[in-house]
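These are the residues of each chain, in order.
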Amino acid sequence: MWLEGVSRMRSVDDDSRVLVIGSGPSGAMAALTLTQQGIPVTLLESGQHVPQGALVRAMGRTLYRKWPTFPKEWLQFVADDPPVMWQHGFVPGGMSNFWTGAVPRFAPEDFTEGERLHERYRWPISYEDLRPYYECVERLLLVSGCPRDLPTLPAADVAYPCALPPDWQRIAPAAEAIGHGFTPVPLAAGNPWMATRRGAPFNSFAVIIEQLRRKPGFELLLGAHALRLEWSGDKRRVTSVVYHDRATHSERRINAAAVVVAAGPLCSTKLLLDSACPDFPEGLGNTEGILGKYLHDHPQSWSVIELDRPLSRLGHTAYLTRAAYRDSDPLRATSCTLGNVTGLDRVLALLPTKTQRFGVVMFGTIVPLECNRVCLNAAEKDDFGLPKLDVQIRFDDAARRNTETALERLLAILDGAGIHAALQGEIYHKPPGAAVHYGGTVRMHESSAYGMLDGWNRLHAVPNVVVADASSFTTGAEKNPTLTAMALAARAAERLAADLKAS
Ligand SMILES: Cc1cc2nc3c(=O)[nH]c(=O)nc-3n(C[C@H](O)[C@H](O)[C@H](O)COP(=O)(O)OP(=O)(O)OC[C@H]3O[C@@H](n4cnc5c(N)ncnc54)[C@H](O)[C@@H]3O)c2cc1C
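Residues numbered from 1 in each chain as written. Predicted model: local features only at pLDDT ≥ 70, side-chain atom pairs only at ≥ 80, totals over all residues. Heavy atoms only, no water.

A. Representation of the confidence of the model for the protein chain. Averaged over all residues, the pLDDT of the protein chain equals 95, while 97% of them reach at least 70. Ignoring residues within four places in sequence, the model shows residues 1-13, a span with pLDDT below 50, making 30 contacts including any to other chains. (pLDDT = per-residue confidence, 0-100. Contact = heavy atoms within 4.5 Å.)

B. Up close: the packing of helix 1 (residues 25-36) against helix 4 (residues 204-212). Interaxial distance between helix 1 and helix 4 falls to 10 Å at its minimum, and their mutual angle equals 25°. Comparing their axes, helix 4 and helix 1 come out roughly parallel. In this structure, helix 1 crosses over helix 4, and the sense of that crossing is left-handed. Residues Pro25, Ala28, Met29, Ala31, Leu32 and Thr35 of helix 1 form the contact with helix 4, whose own contacting residues are Ser204, Ile208, Ile209 and Leu212. (Axes fitted to C-alpha atoms, helices over the stretch in contact; angles between N-to-C directions. Helix = DSSP H or I, 4+ residues; strand = E, 2+ residues; numbered from the N terminus. Parallel < 35°, antiparallel > 145°, perpendicular 65-115°, else oblique. Left-handed = near helix turned anticlockwise from the far one by under 90°.)

C. Inspection of the layout of surface pockets at higher detail. Looking at the second largest pocket, its volume works out to about 310 Å³. Going through the elements one at a time, strand 19 (334-339) and helix 7 (397-416) are the ones with two or more residues in the lining of the second largest pocket. A total of six residues in the lining of the second largest pocket trace back to one element, the largest contributor, which is helix 7. In terms of residue class, the lining of the second largest pocket is made up of six nonpolar, six polar and five charged. (1 Å grid on protein atoms, 1.4 Å probe; cavity = no way out; pocket = protein on both sides within 12 Å on 5 of 7 lines; lining within 4 Å. Points joined across faces, edges and corners; volume = space filled by probe spheres on them. Nonpolar A, V, L, I, M, F, W, Y, C, P; charged D, E, K, R; others polar.)

D. View of the state of the cysteines. Tallied over the entire structure, the rule returns zero disulfides. Cysteine Cys336 shares no disulfide, and the gap to the nearest cysteine sulfur, in Cys146, comes to 18 Å. Residue Cys336 is classed as buried on the basis of its relative accessible area of 1%. For the unlinked cysteine Cys375, the closest cysteine sulfur is that of Cys371, found at 12 Å. (Disulfide = S-S within 2.5 Å. Buried < 20%, exposed > 50% of the residue type's maximum accessible area, 1.4 Å probe, protein only.)

E. Local environment of empty space enclosed by the protein. In this structure the tally under the stated criterion is four cavities of 30 Å³ or more. Within this model, the largest cavity holds a volume of roughly 70 Å³. Forming the walls of the largest cavity are 13 residues, and the residues nearest its centre are His296, His298, His437, Gly476 and Pro481. Residue composition of the lining of the largest cavity, by class: six nonpolar, five polar and two charged. Considered as a void within the structure, the second largest cavity measures approximately 50 Å³ in volume. Forming the boundary of the second largest cavity are Cys146, Arg148, Leu150, Leu153, Pro154, Ala155, Ala156, Thr183, Pro184 and Pro186. Each residue belonging to the lining of the second largest cavity can be placed in one class, and the counts come to eight nonpolar, one polar and one charged.

F. Structural detail: the packing of aromatic side chains. Per the stated rule, a full pass over the model turns up 14 aromatic pairs. Geometrically, the ring pair formed by Phe106 and Phe111 is tilted, given 5.9 Å between the ring centres and 50° between the ring planes. The rings of Phe106, Phe111, Trp123 and Phe473 are connected pair by pair, giving a single aromatic cluster. Taking the ring centre of Tyr325 as reference, the NZ or CZ of Arg322 above it sits at 3.8 Å. Above the ring of Trp456, the side-chain terminus of Arg495 is found at 5.0 Å from the ring centroid. (Phe/Tyr/Trp six-rings, centres within 6.5 Å; stacked < 30°, edge-to-face > 60°. Lys NZ or Arg CZ within 6 Å of the ring centre and 35° of its normal.)

G. Representation of helix 1. Helix length check: helix 1 (twelve residues) gives 16 Å between terminal C-alpha atoms against 16 Å at 1.5 Å per residue, within 8%. For helix 1, a buried count of eleven out of twelve residues is recorded, marking the element as mostly surrounded by other parts of the structure. (Expected span 1.5 Å × (residues − 1).)

H. Seen up close, the sheet that holds strand 13 (residues 224-232). Reading across from one edge, 13-14-15 is the order of the three strands in this open sheet, with antiparallel pairing throughout. At either end of the open sheet lies a strand with only one pairing partner, and these are strand 13 and strand 15 (250-255). Across the sheet, the axes of successive neighbouring strands diverge by a mean angle of 25°, strand direction being ignored. Bridge count between strand 14 (residues 237-245) and strand 15: six bridges; the pairing is antiparallel. Bridge pairing in strand 15 places His244 opposite Glu251. (Pairing = 2+ DSSP bridges.)

Listed below in structure tokens is the structure:
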């Protein structure tokens, strides 16, 4: 068995533990699930200090928010022509320190529609496989939103049901008449009353990891940057992880029964590439040359529209769901989020005021292609002396057209509701990486010819290693990814715990 001896060893000091790498939403969810199942966990987090912000909410409205500073050096242009961004940094809680908290579920068709193009785009799991995990993650996130199913958007398990302002509600029937939903965006908005020293109501470190620290069997190592996973050819499994201890500037090794890699989509991929060894010279578990390929992201566009009459300012952003699957080319979809244009609008939205100008953010999809990829660049080194990551991705004309068409549909829907709206100025198309929604480079697929991971997020070739973040997505829907990444992490961790107990 790949987990021999596990049941005999239960102390966190021995190698029966599961190492979880990363304390962002995905890693936190995996650590929580494993701990709930009685499995000892050591969490390695590269970051050392929790950044501080401030948030005050009353009567379900955000009265004041100060985001933690996002350091300039975390926003890197990794290619210039055309530009490609990679925004990331090492901090407890990961990007959930800065996130907005939009958490739409993937719809059942999001797991299957890619099949219309090719079997390589078929997920090895269905919506029904993930549904119970969506529910348990949503309960943690304290979602505000609409509690009913809408076209192309399943209902969330909402803690705080909410509706659009009355003067916006006539838009929903016009949207539904042509297969869209129009609703408050499902948002991890937190408790209606709260005052906290973080910018986001849900931050995985504050909400999950800080609670876990009090539980027996859970150990947190901050400033522990995982450098590589070590494969034992004799035992046919990964037996340890080597990490850089930022406090002592030394390398340390820690043994494990299994490892959950949840370092964020591109850092997880890099860690597997950095873990190449004689049995896996192209990266851990990379038997078919898939690792790093099929990178996808959300083409993100932004525009301002002006209505022919004032409508209530939106304290909670409105969400136009994608077009019906039957009306769309496979893996071509866009959602639109409508909200305020300026900071002043956000303040005025606390009062019963109206405006004619609204901002629209569009998130589109791309078909994941092998040529969109990340790989190691031996010529340039990172802070740990390891090769840097090259990120190669382009948004083609179809991706741009896709977001522009969605805006045209939004204007048509408003028209159908008797509201004439026009685009003000131009549509700003942002470069890859702007959405901070990379995924797909350690993808799940039933066949190792098309994917690194099986249907339980385990490496096909190294089943005691689970990769549990958006790098595991087989395809990217137009929906924000974090809820689905967390649900996958919970499901994968539950299965890993069962495997460990059975061995
Ligand atoms: C401004 C902004 C707004 C956003 N809004 C939304 C939104 O509304 N909805 C949504 O779904 N998503 C949103 N996102 C994206 C969201 O934050 C990410 O999808 C989410 O945080 C990913 O979680 P993760 O745990 O997979 O990775 P991360 O949050 O990136 O966490 C990875 C963790 O791993 C650690 N780590 C990395 N490498 C190593 C290593 N080698 N060793 C040890 N530790 C390591 C990092 O320090 C980090 O703590 C937003 C992001 C930003 C920046």
